[in-house]
Amino acid sequence: MQTLLARKPITVIRPLDHLNAATCGEFGRQLTTAISAPGVAEVLVDFAEVTFMDSAGLMALVSGLKQAKKMGRRFSICSVSPGIRMILELSKLDRVFKIFENVDTFEAENSCANKHW
């Protein structure tokens, strides 16, 4: 369902297809594991393959962000489709999440990251 790429200090999670009530449990567990892993400074959720997200998926993202802040870790998202961006804007969460255009722009801003995902 999801791809997890761990390259300390950054972990990239790439959910596939839908982030909804049926899939957010596994997604939430992956976020929790990635955020709490020793040596991880930042988690990036790459939405390139996500075609749909409902309120359950949104809640999983917010929970991940809260956990990351509590642990002093950065939490970002990228490659957000226009439909998902609209959901983030309507919920005003586009002001809360650090959103990058894609993985390349994330890497460019985070020069300490390994450049080869």
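Rules of the game
- Per chain, residues are indexed from 1 in the order of the written sequence.
- It should be noted that, the model being predicted, local features are given only for residues of pLDDT at least 70 and side-chain atom pairs only at 80 or more, the latter also being counted only at that level, while totals for whole chains, interfaces and linings use all residues.
- By convention in this description, side-chain values take in all heavy atoms of the structure and omit both hydrogens and water.
- Here a helix means four or more residues in a row that DSSP labels H or I, a strand means two or more in a row labelled E, and each is numbered from the N terminus.
- Think of it in three bands: residues with accessible area under 20% of the maximum for their type are buried, residues over 50% are exposed, and the middle band is partly exposed, with areas taken using a 1.4 Å probe on protein chains only.
- What makes two residues a contact is simply this: any of their non-hydrogen atoms within 4.5 Å.
- Any pair of N or O atoms that falls within 3.5 Å is considered a polar contact. Within protein, one atom must be able to donate a hydrogen and the other to accept it, and sequence-neighbouring residues count only if both atoms are side-chain atoms.
- To define a nonpolar core, start from buried Ala, Val, Leu, Ile, Met, Phe, Trp, Tyr and Cys residues and group those joined through side-chain atoms within 4.5 Å.
- We treat two strands as partners when DSSP finds at least two bridges between them.
- Multiply 1.5 Å by the residue count of a helix minus one, and that product is the helix's expected span.
- One side-chain nitrogen of Lys or Arg within 4 Å of one carboxyl oxygen of Asp or Glu is enough to make a salt bridge.

A short note on unusual backbone geometry
A negative phi angle characterises most non-glycine residues, just as the trans form characterises most peptide bonds. You will see that Asp17, though not glycine, has its phi angle at about 65 degrees, which is positive. Along the polypeptide, Asp17 turns up in strand E3 (residues 17-19). On the basis of relative accessibility, which here comes to 39%, the residue Asp17 falls in the partly exposed class. Even without being glycine, Ser79 reaches a positive phi, approximately 55 degrees. Secondary-structure assignment places Ser79 in the loop between strand E6 (74-78) and helix H3 (82-90).

Let's talk about the environment of Gln67
Locating Gln67 in the fold gives a position in helix H2 (residues 55-70). The exposure class of Gln67 is buried, given its relative accessible area of 18%. Spatially, the C-alpha atoms of Gln67 and Leu31 are 9.1 Å apart, while their sequence positions differ by 36 residues. Here Gln67 is in contact with Leu31, Thr32, Ile35 and Ser36, once residues within four sequence places are set aside. A distance of 3.5 Å separates a polar atom in the side chain of Gln67 from a polar atom in the side chain of Thr32.

Things to note about the nonpolar core
By size, the foremost hydrophobic cluster in this structure holds 26 residues, and its most contacted members are Phe47, Leu61, Phe75, Ile77 and Leu88. Going through the elements one at a time, helix H1 (24-36), strand E4 (42-46), strand E5 (50-53), H2, E6 and H3 are the ones with two or more residues in this core. Per-element accounting of this core gives the leading share, six residues, to H2. Beyond its immediate sequence surroundings of up to four residues, Leu88 is in contact with Met53, Leu58, Ile77, Val80, Leu93, Asp94, Phe97 and Ile99.

As for the pairing of E6
When you tally the buried positions in E6, you get four out of five residues, the bulk of the element. As judged from the five bridges shared by E4 and E6, these two strands associate in the parallel manner. Residue pairing across strands places Val45 opposite Ile77, the latter belonging to E6. Bridge count for E6 against strand E7 (residues 98-100) is three bridges, and the pairing is parallel. In the strand pairing of E7, Cys78 is matched with Phe100.

Examining H2
If you check H2, its first and last C-alpha atoms are 22 Å apart, about what 16 residues at 1.5 Å a residue would give, namely 22 Å. The complete set of buried residues in H2 reads Ala56, Gly57, Leu58, Ala60, Leu61, Gly64, Leu65, Gln67 and Ala68. Against the buried residues of H2 lie E3, H1, E4, E5, E6 and H3. You can read the cap of H2 off the contacts: a side-chain oxygen lies 3.0 Å from the backbone nitrogen of Ala56, and it is on Asp54. Positioned one or two residues after H2, Gly72 has a phi angle of 75 degrees, which is positive.

Re the pattern of salt bridges
Within the structure shown, the criterion is met by three salt bridges. For Arg74, the salt bridge identified is with Glu42, shortest N-O distance 2.9 Å. Taken together, the positions of Arg74 in strand E6 and Glu42 in strand E4 put the pair 32 residues apart, joining distant regions of the chain. For Arg74, a relative accessible area of 41% translates into the label partly exposed. In this structure, Lys98 and Glu109 form a salt bridge, with 2.7 Å as the shortest nitrogen-oxygen distance. Here Glu109 lies in helix H4 (residues 103-109) and Lys98 lies in strand E7, a separation of eleven residues in the sequence. Looking at Glu109, the relative accessible area reads 47%, which means it is partly exposed.

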